[in-house]
Amino acid sequence: MSERVQEIVKIPAERVAALIGKNGEIKKQVEKAAGVKLMVDKEGDVIVEGEAEKIFFAKDVIRAVGRGFEARVALKILKEGYHFHIINLKDYASTENAMKRIKGRIIGEEGRIKTEIENAADSYVSVYGHTVGIIGPIDGIQIATEAIGMIIEGAMHSTVLNYLAKARRDLMLSRMKGG
């Protein structure tokens, strides 16, 4: 049996309730699914205790909840084939207005662009704070990251939607072939 270790993950204080859930239900779910013990304080410090390899995946689940994902989506990271990726918008926006504009373009009118990205990439996307989080299979994360990169660089939405339509077809063909 591996020795138990502890690591600390920091999440925004306003996301603590989402990690704990009503009557601690979400916290218990994460602990059971990941095989770790969580100690959460109201400032957003989360102590994760368990075997090192279990902590590795549990930290991504906790970070995903901290980045705006619902716990049921974040828990998919523990499934084989699902990964978590973060794009830090501070790397692309120098002002608060630029950040707002990029986030608005990624989400799109009534959430349309974000939904198109999620559907084409077979992934989940969360725009929260200064980050965009993506949960999905690695091929889906690549598609979502490419589409978001196009948006950040100022591509027209129609260009991004055309890319996504082609990417969705290619992804489906690749998966049907077992690739």
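Coordinates for the structure precede this section.
Source: prediction; values computed, not measured.

Topic: helix α8 (residues 157–176)
End to end, α8 covers 28 Å across 20 residues, agreeing with the expected 28 Å (1.5 Å per residue, within 8%). Where α8 is concerned, the buried positions are V160, L161, L164, A167 and L171. Considered in projection along α8, the buried side chains sweep an arc of 125° and stay on one side of the axis. The exposed set on the far side of α8, more than 90 degrees from its buried face, consists of N162, R169 and M176.

Quick word on the pairing of strand β5 (residues 124–128)
Counting buried residues in β5 gives 4 out of 5 residues, a clear majority hidden from the surface. By the bridge criterion, 5 bridges tie β5 to strand β6 (residues 131–136) in an arrangement that is antiparallel. Each bridged residue has a counterpart across the sheet, and for S126 the counterpart in β6 is G133. In this structure, the hairpin formed by β5 and β6 is closed by a connection of 2 residues, where G129 is found at a positive phi of approximately 60°.

Re unusual backbone geometry
Although it is not a glycine, N23 adopts a positive phi angle of roughly 55°. The residue N23 is located in the loop between α1 (16–20) and α2 (25–34) in this model. Given a relative accessible area of 63%, N23 falls into the exposed group. In this structure, E110 is a non-glycine residue whose phi angle is positive, near 55°. By the element assignment, E110 lies in the loop between α5 (96–107) and α6 (112–121).

Section: α5
The terminal C-alpha atoms of α5, which comprises 12 residues, lie 17 Å apart, in line with the 16 Å expected from a rise of 1.5 Å per residue. All buried positions along α5 are accounted for by A98, M99, I102 and I106. In a view along the axis of α5, the buried residues occupy a sector of 100°, so they form one face of it. Every exposed residue of α5 that faces more than 90 degrees away from the buried side is listed here: E96, N97, K100 and R101. Summarising the contacts, the buried residues of α5 are in contact with α6, β5, β6 and α7 (138–152). One or two residues past the end of α5 sits G108, with phi positive at roughly 80°.

So, the sheet that holds strand β1 (residues 4–10)
Strand order across the open sheet formed by 3 strands is β1-β3-β2, with antiparallel pairing between neighbours. Each edge of the open sheet is held by one strand with a lone partner, namely β1 and β2 (37–40). On average, adjacent strands in this sheet sit at an angle of 20° to one another, irrespective of strand direction. As defined by bridge partners, β2 adjoins strand β3 (residues 45–51) across 4 bridges and the pair is classed as antiparallel. Note on β3: the bridge partner recorded for L38 is V48. Set on the sheet, helix α3 (residues 52–66) makes contact with β1, β2 and β3; between it and β3 the angle comes to about 150°.

What counts and how
- Residues numbered from 1 in each chain as written.
- Predicted model: local features only at pLDDT ≥ 70, side-chain atom pairs only at ≥ 80, totals over all residues.
- Heavy atoms only, no water.
- Helix = DSSP H or I, 4+ residues; strand = E, 2+ residues; numbered from the N terminus.
- Expected span 1.5 Å × (residues − 1).
- Buried < 20%, exposed > 50% of the residue type's maximum accessible area, 1.4 Å probe, protein only.
- Arc of directions from axis to C-beta.
- Pairing = 2+ DSSP bridges.
- Contact = heavy atoms within 4.5 Å.
- Axes fitted to C-alpha atoms, helices over the stretch in contact; angles between N-to-C directions.

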